[in-house]
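# Structural overview for review
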Amino acid sequence: MPSNEGTKQEFSPQYVDLVIVGAGPAGLMMAMWAAKCGIKTKIVDKRGTKIFNGQADGLQCRTLEIFDSFGFGHRAWIESNHMLEICLWNPDKDGIIRRSDRIPDTIPGISRFQQVVLHQGRIERFFLDTIESCSDIRVERGVMPSKMELDESLFEDNEAYPISIRLRHLSEDEATPKQTATSANGTVVQDGLFRSNLAPDDTQELLNGAKLNAKANSEEIVHAKYVLGADGAHSWVREQLGFKLEGDSTDYIWGVLDIVPITDFPDIRMRCAIHSASEGSVMVIPRENKLVRLYIQLTRTEKLGEGGSRADRSKITPETILQSAQRIMAPYKITYRKLDWWTAYQIGQRVGTQFSFGERVFLAGDAVHTHSPKAGQGMNVSMQDTFNLGWKIANVVKGVSDRSILKTYQSERRKNAQDLIDFDHRFSRLFSGRPAKDVMDEEGISMEEFKDAFVKGNLFASGIAVEYGASILVAKPGSSTKQGDGTDVAVHSGLRVISTPSLAPKIELGKRIPSFKVLNQSDARPSHLQELLRSNGRWRVVTFVGDIRDSNQASKLKVLGDKLASPDSFLHRFTPPPPARYDDVFELLVVHNTPRRETTIFDFPPVWHPYDEVDGWDYWKIFVDDESYHEGHGEIFKNLEISSQGCNVILRPDQHVSYVGPMEGYEELDKFFSAFMISPRVTTKAGT
């Protein structure tokens, strides 16, 4: 970066496919897609430091599956603390808290992963390492946007750069979070109040400060095709668009302590939900490196805020938070000598009015939904927002898909955010409310109702239950507007395809495909099905053929293979010209249940073992439902209830199921892709 002390610096304009504002987990997930798909991207963050103590820590099952698809799931799995059991503590008839129940933290069998907790800084490190290993994308810190201009007349031109953003570079001092130094037994601890919703927005303050600092007062103009605002609850991008968050705040104020506890509470290394008779509630989250996070209800809110108004954060200290925990957890004792981090927040549930402007500027994460953190959803849902969006923008930028697919982002993720707020609204009130003394206590919270909400909420919280409605990308029956957030994302070109879910009832349309072990036909290596579905932007067509010793199944597979291999097939129509290959866009996989020893890859049509003059045959497309030597039998046909007639399954690049149909239904496959994919060899959309 050029330096010119005492004068404002200007940079030559840059042209990029994507600008990401905010380098938290949501922004980094977007950058990960850009890195994997080769999209020219600029990512900036107004903070000068990468890693904060505290912040989010819970990783749900689906999030770990996503991490694994990018190649770093094992790092999170190894380093994290695994959460296997939840203990519920409630007051007995005498008002003394006692363990009333134990339940599994993750519903057994729903995923090959369970919920874990790990410091957000480590999670961001995994992203940064992987992004740097496969691209030249680097986070530019201490940089924030100061002006954004949109040329709406260019929005439908896929080659245009209709967005201009002016970026301002801050000084190191301005880019350093203003945190309160808290002395804890001689050590200095940073708090998280600067990122709490009890803190005001500091964006304008930073901009004003930069104007007065000649050294830092450098600017550059960036022209972009797309912009993502992943810049938090006080989103600058959202403010520029004039969008709002709608919802309400409660008068429940919670404090958070990350401590190494000194306590006689027996379940301190279990996840616990503790309800006291009259002093409020605590959630215990055991973490890595002997740490424990306590979410502590501050019941004496009259000292902290007036009439439900925003609390005076200066009156909230680690000591006041700990005192609340001690009252709630009595007669057990709890204190600490090591405090790692602390913060406080006021529970609020809000959803953005819109998630995108013209399908050019998008919002994700806290910029479009806020809620309480106790269900472990904030970071997970934020990352899943951009996991949904990243591949779509990449497909459009690369000329594979037309822009119609971008509308599905708001339809799918805003509906998910609304569902999350409904869940959090009920859950946070059950958690914060006073336990009912008996069945006649109508004002109190039923502990049975709380347990039921906890159990049902675990499935929702896992991320496994996320289901996208009918759209141009999901071949479901029914109305796309009713199944989403009201956005019209239906197929309008006469190319609508409807799935046949009865062929595989456990492969649910709109959900991520479940995972069971299969064996590679060539070398007998076992893999989970999801391990084959790497996040690289490719669509998958998975053919479950059944037993190819059945002449009928073998015949259907041959016909399908011949049609897929035809020069006129969608594989070739929607693939860029050479040297690109069809498997840059599509990946074909086949799973059969013929005994592995009675067949070879050469018993399958060549489209599933293509030949390359340099690399020879492809041995990684044909898999068998058979028993492995060391890891048992996945029984994928049985577990997914796949018909003996077989089926074709289309999987989106994010592993969600687009279509289930008959093996002999090549024409439906072609029709599905023709609704939104672009042939690079012609100027109009194929199939219209």
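Anyway, here's the lowdown on the structure attached to this text. (Residues numbered from 1 in each chain as written. Predicted model: local features only at pLDDT ≥ 70, side-chain atom pairs only at ≥ 80, totals over all residues. Heavy atoms only, no water.)

### Some details on the sheet that holds strand β8 (residues 116-117)
Sheet strands line up and pair through hydrogen bonds in the backbone, either parallel or antiparallel. Cut-off, in case you're wondering: What makes two strands pair is DSSP finding at least two bridges between them. Secondary structure is summarised from DSSP: a helix means a run of H or I of at least four residues, a strand means a run of E of at least two, and numbering begins at the N terminus for each.
Spatially, β4-β8-β5 is the arrangement adopted by the 3 strands of the open sheet, whose pairing is antiparallel. Edge strands, defined here as strands with exactly one partner in the open sheet, are β4 (58-59) and β5 (81-82). In terms of strand pairing, β5 meets β8 through 2 bridges, oriented antiparallel. Residue pairing across strands places N81 opposite V117, the latter belonging to β8.

### Digging into unusual backbone geometry
Rule in force here: Residue burial is assigned from relative accessible area. The probe radius is 1.4 Å, only protein chains are included, and a residue is buried under 20% of its type maximum, exposed over 50%, and partly exposed in between.
Put simply, A330 and P331 share a cis peptide bond, and its omega is 15°. Tracing the backbone shows P331 in the loop between α7 (318-329) and β19 (334-352). Despite not being glycine, K290 shows a phi value in the positive range, around 70°. Looking at the secondary structure, you find K290 in the loop between β17 (281-286) and β18 (292-297). Classification of K290 by relative accessible area gives exposed; the value is 67%. Phi at Q655 is positive, roughly 70°, even though this residue is not glycine.

### Here's the deal with the packing of aromatic side chains
Remark: the centre distance and the inter-plane angle together describe each pair of aromatic rings, the angle taken between the planes. Stated formally: Only the six-membered ring of Trp is used, alongside the rings of Phe and Tyr, when aromatic pairs are assigned; centres must lie within 6.5 Å, and planes under 30 degrees apart are stacked while those over 60 apart are edge-to-face, with the rest tilted.
Here the structure, examined in full by the defined rule, presents 32 aromatic pairs. A centroid spacing of 4.8 Å and a plane angle of 40° characterise the contact between F67 and F72, whose relative ring orientation is tilted. With a centroid separation of 6.1 Å and 70° between ring planes, the pair formed by W539 and F672 is classed as edge-to-face. Placement of W539 in strand β25 (residues 539-546) and of F672 in helix α15 (residues 666-674) is noted, with a sequence separation of 133 residues between them.

### With respect to the packing of helix α2 (residues 61-70) against helix α8 (residues 378-397)
For clarity, the cut-off: Axis geometry follows a simple rule: fit a line to the C-alpha atoms, using only the stretch in contact for helices, then measure angles between N-to-C directions, giving values from 0 to 180 degrees. The scheme is simple: roughly parallel for angles under 35 degrees, roughly antiparallel for over 145, roughly perpendicular for 65 to 115, oblique for anything else. In this scheme, a crossing is called left-handed if the near helix is turned counterclockwise away from the far one by less than a right angle; it is called right-handed if the turn is clockwise. Note on contacts: a residue pair qualifies if any of its non-hydrogen atoms lie within 4.5 Å across the two residues. Residues were grouped as follows: Ala, Val, Leu, Ile, Met, Phe, Trp, Tyr, Cys and Pro as nonpolar; Asp, Glu, Lys and Arg as charged; and all remaining residues, including Gly, as polar.
Packing of α2 against α8 brings their axes to within 10 Å, and their N-to-C directions diverge by 45°. Considered as vectors, α2 and α8 are oriented oblique to each other. Pair α2 / α8 crosses with left-handed handedness. In this structure, α2 contributes R62, T63, I66, F67, S69 and F70 to the contact, and α8 contributes N380, M383, Q384 and F387. Within the contact of α2 with α8, the residues separate by chemical class into 5 nonpolar, 4 polar and 1 charged.

### Details of the pattern of salt bridges
For clarity, the cut-off: A side-chain nitrogen of Lys or Arg and a carboxyl oxygen of Asp or Glu constitute a salt bridge if their distance falls within 4 Å.
Across all of its chains, the model carries 41 salt bridges by this definition. Between R122 and E79 there is a salt bridge, with the nearest N and O atoms lying 2.8 Å from each other. Highlighted residues: R122 in helix α4 (residues 120-134) and E79 in helix α3 (residues 73-79), separated in sequence by 43 residues. Classification of E79 by relative accessible area gives partly exposed; the value is 33%. Note that R168 is salt-bridged to E219, the shortest N-O span being 2.6 Å. Taken together, the positions of R168 in strand β11 (residues 163-169) and E219 in strand β14 (residues 218-229) put the pair 51 residues apart, joining distant regions of the chain. Summarising the burial analysis for this pair, R168 and E219 share the class buried. Each of D258, R287, E288 and R293 takes part in one network of salt bridges that share partners.

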